[in-house]
Amino acid sequence: MRGSMLICGTTSDAGKSVLVAGLCRFLARQGVDVVPFKAQNMSNNSFVTLDGGEIGRAQALQARAAFKEPSVRFNPVLLKPGSDRTSQVVLHGKAVGDVSAMSYRERKAQLLDEVLSTLDGLRRDHEVVICEGAGSPAEINLRANDIANMGLATRAGLPTLVVGDIDRGGVFAHLFGTLAVLDAADQALISGFVVNKFRGDPRLLEPGLRQINQLTGRPVLGVLPWREELWLDAEDSLSYNADGVIGRPRPALKDWLRVAVIRLPRISNATDAEALACEPGVSVRFVTEPSRLADADLVVLPGSKATVDDLGWLRETGLAQAITRFDGPVLGICGGFQMLSRRIEDDVESRHGTVDGLGLLDVDIRFQPRKTLATPESVAWGERVTGYEIHHGQVVRSTEQPLVGDEGAQTDRVLGTHWHGLLENDGFRRRFLRWAAERAGRDFEPAEVSFSAAREAQLDLLGDLVAENMDTKAVIDLLERGAPAGLPFVPPGAPPAAE
């Protein structure tokens, strides 16, 4: 088997990332040499590959689904928003500068060549490439310069499936409308639909499935059911519950441990908190205002793509004062660690110069032009640990005891580290939770949870859902033969040119 296809979505969080992961796991279990690909990702949730490059976390997860080592080839362009108007551009794993929304449009022609070259290489080196779109292909205001959705599909000849989230309602309108606003050349590649997150008896959908096929001439190739277990490694903040709860809290062995994770405006790698949420009896919640710290046992300050600006937001909202007054344990990760310092010198990211940190750790931070990207190994609290680093800020002075090897800082109540993924190390996480519970006066006992096993079980579940709920024969046919000829044009998109 050789082939490639594109998975697009009607909206953000429609299910593109998890469907690509599910297809990768399904095909890999059949012995197919399959890899994921996302031409352009916009996300502050990123991962460091073994060769020192930075890619979206979703592509790292999809690589694991395919039993492959994550590679910068799987996500050649990563945009990391630092504000509503600017983003850092990461090309082939390395930061190459900042762009505005308008200036980025001017770079897309060059980036399309990079994207197509990378995709061509993957298609030569592997049997199957499952590509993921970005946002929605129906964003017709961006179509002229698109490099991730139908712009990629038309240049690379990719048969395309469109996935819609039925849990939010209006899925048939979303599917039909996405197709109908595209021009004829784009529509010719839209080969089918997938309905995601369905709750209930699939027979209730049958009339709608038949009608969408009659209206568009495209089949629905799968109806994937809602599953509570699918929440790890969220690509989009929309993936978390509306009330801010991370994960699906399971009953405590003894006391509950309540964790408040500060939801920063430019939060990055929020997935660090997911390892805590895997533990029975640990209730992890995003918070955005000071009163939510009143009943917390542990406060986590996560990473940020705009450390100094998000520190200003903490002060504006009153959260800074609430954190400094909080007398329980505090953990700062990457940007959150930097905020806990005495002083931050930033002439790189925010260009605000020297600002005061929260002062909970006797540490000074200076931002450097070159970003640190690393996948270190060390020892923390007697446990062998691994993690990854993505940061411009560096510790230039510290009187505190290190937390991980010679990195980070710790007092009897406050911990800080630049390491992402530290809490995914089971032995350290259990020690950390016992320490936090003791500091908070909770009779809490962590369970023998394996975070890597939980992630692997999720990937296996995704593969099972594809195998059991999709027309996999039709999917394989699309991979091998491409989009069917003669798919009907659906107005009002731009019709085919007159011959």
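Refer to the structure above for everything that follows.
Described below are features of the structure shown in this document. Just so we're clear, the structure is a prediction, and the values are computed from it rather than from any experiment.

Quick notes on the rules
Residues numbered from 1 in each chain as written. Predicted model: local features only at pLDDT ≥ 70, side-chain atom pairs only at ≥ 80, totals over all residues. Heavy atoms only, no water. Pairing = 2+ DSSP bridges. Helix = DSSP H or I, 4+ residues; strand = E, 2+ residues; numbered from the N terminus. Axes fitted to C-alpha atoms, helices over the stretch in contact; angles between N-to-C directions. Buried < 20%, exposed > 50% of the residue type's maximum accessible area, 1.4 Å probe, protein only. 1 Å grid on protein atoms, 1.4 Å probe; cavity = no way out; pocket = protein on both sides within 12 Å on 5 of 7 lines; lining within 4 Å. Points joined across faces, edges and corners; volume = space filled by probe spheres on them. Core = buried A, V, L, I, M, F, W, Y, C linked by side-chain atoms within 4.5 Å. Contact = heavy atoms within 4.5 Å. Nonpolar A, V, L, I, M, F, W, Y, C, P; charged D, E, K, R; others polar.

Time to look at the pairing of strand β24 (residues 383-386). Sheet topology note: the strand β23 (residues 377-380)/β24 ladder contains four bridges and is antiparallel. Directly across from V379, in β24, lies its bridge partner R384. The turn joining β23 and β24, which pair antiparallel and follow one another in sequence, is formed by two residues; a positive phi near 50° is taken by W381.

A few words on the sheet that holds strand β12 (residues 220-225). Taken in spatial order, the six strands of this open sheet run β2-β9-β1-β10-β11-β12, and their pairing is parallel. Strands with a single pairing partner mark the edges of an open sheet, and in this sheet they are β2 (34-37) and β12. The mean angle between the axes of side-by-side strands here comes to 20°, regardless of whether they run parallel or antiparallel. Alignment of strand β10 (residues 160-165) against strand β11 (residues 190-198), held across six bridges, turns out to be parallel.

To continue, consider unusual backbone geometry. Look at the link from P491 to P492: it is a cis peptide, with omega at 20°. The backbone phi angle of K197 is positive, close to 65°, even though this residue is not glycine. On the accessibility criterion, K197 (17% relative accessible area) is buried. For N269, which is not a glycine, the phi torsion comes out positive at approximately 50°.

Estimates place the volume of the second largest pocket at around 450 Å³. What lines the second largest pocket is a set of 20 residues, among which F47, R64, T386, G387 and E424 lie closest to the centre. Within the residue set of the lining of the second largest pocket, elements represented by two or more residues are β4 (46-48) and α13 (451-469). A per-element tally of the lining of the second largest pocket places α13 first, with three residues.

The next thing to look at is the nonpolar core. By size, the foremost hydrophobic cluster in this structure holds 70 residues, and its most contacted members are I262, L276, V284, L293, L301, L314 and F432. If one sorts the elements of this core by residue count, helix α12 (residues 426-440) sits on top with six residues. In this view, L301 contacts I262, L264, L314, I323, L331, G332, I333, G336, M339, L340 and L358; residues no more than four positions away in its chain are not counted. Counting residues in hydrophobic clusters, the runner-up holds 45 residues, among them L122, C131, L152 and F193.

Let us look at empty space enclosed by the protein. For the structure shown, the criterion picks out three cavities of 30 Å³ or more. In terms of lining, the largest cavity is formed by 19 residues, of which the most central are S304, K305, E349, I390 and H391. For the lining of the largest cavity, the secondary-structure elements that each account for two or more residues are α11 (335-339), β22 (363-374) and β25 (389-398). At three residues, β25 tops the list of elements feeding residues into the lining of the largest cavity. Of the residues contributing to the lining of the largest cavity, the split by class is three nonpolar, twelve polar and four charged. Each pocket or cavity is described by its volume, and for the second largest cavity that value is around 50 Å³.

These figures capture arrangement, not role.
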